[in-house]
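Observations on the three-dimensional arrangement
Here's the letter readout for the chains.
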Amino acid sequence: MNPRSQLVPVGEALVLGELPTQMHAYVIRAGRFGVPTQSFVPEVIDVWIPGPGEVLVRVMAAGVNFNGIWAGLGSPVNILANHGLDLVVPGSDASGVVWAIGEGVTGWKVGDEVVLHCNHLLEPGASDLQTIWGYETPDGAFAQFTRVQSQQLLRKPPQLSWEEAASYGLTYYTAHRMLVDRAKVQPGEVVLVWGAAGGLGVFAVQLAAAMGARPIAVVSSDDKAELCLRLGAVGVINRAEFPALHFRDDMSAAEQAAHGRAIRAFGERIWQILGERTGPDVVFEHVGKSTFPASVFLANRYGRIVICGATTGYQLTFDVRHLWMRQKQIIGSHFADADSCRRANALMRDGKVKPVLTRVFTWEEIPEAHQLMYENKLHGTVACLVGAARPGLTSYGESLVGRADR
């Protein structure tokens, strides 16, 4: 590691191992919680020093996820207070280059091109306890350099650009864990995917199709239907056609009756798509309060509802009779372990699953990218350039010689 005292402009090429003592980063602090355009503030901070078992990575591109928005809002959990942090550099997805290696790290060298998974173990190799890097740790992806545990490193798919490689990790590995390891989807099964055009959903649709299942995509507008069909969905349902479908705590008796009718009509639409009176064997859940009653009702006898989050609320209300009388299962899933991430990344390297990168932002546009996600104005996955000078570069060597291969 060759120290370099001066600050380096974002996107400037460096000789491998040449390391400034300070770096540019977007920083969240408790005194400025709020929407992303308020909470994501550019600062100059010290470059992280990798400790035993850790690696310093030069970030070439970083992916945008909702957890950065939560960190900046300080809600639903104040991550800074909960973890005793003065600051958080957000960002739980990145592609980059191994730049410095801490004591005891084996199997990696300076110059290796990598993507990162965000499962930051409290006791690597000995415990399944985890924090999420770039959300519950201070040293995330929206900086020129990030610090991770060596077990978080995965080989970058060489065919992908830096921004493509940065766009998929958190959502894709989560979806893989849910469908492959937890729900154990089988060929021919019907998989209902809520939010199918979003960051999680685009990978759930692809994975279900790759496993020989029949994914049905639920979207919020007709313009997202074509994307889901291209990804392998056997049919698409626009939830806007069922305005009473979503559950609310404050519904009147009349609204509750309309809610029940909407769920049954939604189920009939599934029958129309499949051409038979059957429902989903697996429901891919991450919406929570507003969709969970429908998920439990719609799942087939012996069906599985697999859930990894609850963006509309954690307190779930549903008619439990549908669960026990038809012997359905609710399965919890929380991100993925390192082995699951490696298996999922191998599918990406082999081209069996592909990124769905719908927009690329510059370094200066990072707060705007998160603001647009907060306002539900994005679909698919998005990424931001950090060390990569422009879109389309696939290796660090290209950055040094200043050319692109496409």
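Structure's up top.
Let me sum up the structure you'll find in this document. (Residues numbered from 1 in each chain as written. Predicted model: local features only at pLDDT ≥ 70, side-chain atom pairs only at ≥ 80, totals over all residues. Heavy atoms only, no water.)

Let's shift gears to the overall build of the protein. In terms of helices and strands, the protein carries 13 helices and 19 strands. Relative to the compact-globule value of 22 Å for 406 residues, the protein shows a C-alpha radius of gyration of 22 Å, a close match. Summarising its shape, the C-alpha atoms of the protein cover approximately 65 × 45 × 40 Å along the three principal directions. Counting the 406 residues in the protein, one finds 57% classified as buried. Restricting to contacts in the protein with at least 6 residues of sequence separation, those with at least 24 account for 69%. About 16,600 Å² of surface is accessible on the protein, with carbon and sulfur atoms providing 51% of the total. (Helix = DSSP H or I, 4+ residues; strand = E, 2+ residues; numbered from the N terminus. Rg over C-alpha atoms; globule rule 2.2 N^0.38 Å. Buried < 20%, exposed > 50% of the residue type's maximum accessible area, 1.4 Å probe, protein only. Contact = heavy atoms within 4.5 Å. Areas by Shrake-Rupley, 256 points an atom, 1.4 Å probe, with all protein chains shown as cover.)

A separate point is the nonpolar core. If you look at the biggest cluster of nonpolar residues, it comprises 80 residues, and the most contacted ones within it are Leu153, Tyr172 and Tyr173. Setting aside anything within four residues of it in sequence, one finds Tyr172 in contact with Phe203, Leu207, Ala344, Asn345, Leu347, Met348 and Val353. Residues Met23, Ala25, Met60 and Trp99 belong to the second largest nonpolar core, which totals 25 residues. (Core = buried A, V, L, I, M, F, W, Y, C linked by side-chain atoms within 4.5 Å.)

So, on to the layout of surface pockets. Sizing a probe to match a water molecule and rolling it over the atoms shows the empty space that remains. The volume enclosed by the second largest pocket comes to roughly 360 Å³. Lining the second largest pocket are 16 residues, and of these Trp271, Phe297, Leu298, Ala299 and Arg326 sit closest to its centre. Those elements that provide at least two residues to the lining of the second largest pocket are helix 8 (253-274) and helix 9 (292-298). The element best represented in the lining of the second largest pocket is helix 8, accounting for five residues. For the lining of the second largest pocket, the residue count by class is five nonpolar, five polar and six charged. (1 Å grid on protein atoms, 1.4 Å probe; cavity = no way out; pocket = protein on both sides within 12 Å on 5 of 7 lines; lining within 4 Å. Points joined across faces, edges and corners; volume = space filled by probe spheres on them. Nonpolar A, V, L, I, M, F, W, Y, C, P; charged D, E, K, R; others polar.)

This next bit is on the sheet that holds strand 14 (residues 235-238). The six strands lie next to each other as 14-13-12-15-16-17, forming an open sheet whose pairing is parallel. One side of each edge strand has no neighbouring strand; the edge strands of this open sheet are strand 14 and strand 17 (329-332). The sheet shows a mean angle of 20 degrees between the axes of neighbouring strands, direction not considered. Pairing of strand 13 (residues 214-219) with strand 14 involves four bridges; the strand directions are parallel. Looking at strand 14, one finds that Val219 is bridged to Asn238. Along the sheet, helix 5 (residues 169-182) makes contact with strand 12 (190-193), strand 15 (282-285), strand 16 (304-307) and strand 17, crossing strand 15 at roughly 155 degrees. Running over the sheet, helix 8 touches strand 12, strand 13 and strand 14 and is turned about 155 degrees from strand 14. (Pairing = 2+ DSSP bridges. Axes fitted to C-alpha atoms, helices over the stretch in contact; angles between N-to-C directions.)

Let us now look at the packing of aromatic side chains. In total, this model carries 13 aromatic pairs according to the counting rule given. Taking the centre distance of 5.4 Å and the plane angle of 65 degrees together, the rings of Phe66 and Trp70 count as edge-to-face. Here Phe66 pairs with Trp70, and both are found in helix 2 (residues 66-73), just four residues apart, close to one helical turn. Given a relative accessible area of 30%, Phe66 falls into the partly exposed group. Considering the side-chain rings of Tyr172 and Tyr173, the 5.6 Å spacing of their centres and the 40 degrees angle between planes classify their relative orientation as tilted. (Phe/Tyr/Trp six-rings, centres within 6.5 Å; stacked < 30°, edge-to-face > 60°.)

A few words on the pattern of salt bridges. A complete count under the given rule lists 18 salt bridges for this structure. The salt bridge partner of Asp319 is Arg321, with a shortest N-O separation of 2.6 Å. The class of Asp319 is partly exposed, set by a relative accessible area of 28%. The exposure class assigned to Arg321 is exposed, which follows from its relative accessible area of 51%. Several salt bridges converge on common partners, so that one network encompasses Arg177, Asp181, Asp337, Asp339 and Arg343. (Salt bridge = Lys/Arg side-chain N within 4 Å of Asp/Glu carboxyl O.)

Bringing helix 5 into the picture now. The element helix 5 is largely enclosed, with a buried count of 11 among its 14 residues. All of the buried residues in helix 5 are Gly169, Leu170, Thr171, Tyr172, Tyr173, Thr174, Ala175, His176, Met178, Leu179 and Asp181. Lys184 sits one or two residues past helix 5 and shows a positive phi near 55 degrees.

Before going further, it helps to spend a moment on the side chain of Ser161. With respect to the helices and strands, Ser161 occurs in the loop between strand 11 (153-155) and helix 4 (162-166). Exposure remark for Ser161: the relative accessible area of 1% places this residue in the buried category. Within the local environment of Ser161, its side chain forms a polar contact with the side chain of Glu163, the two groups lying 3.2 Å apart. (Polar contact = N/O pair within 3.5 Å; in protein donor to acceptor, adjacent residues only side chain to side chain.)

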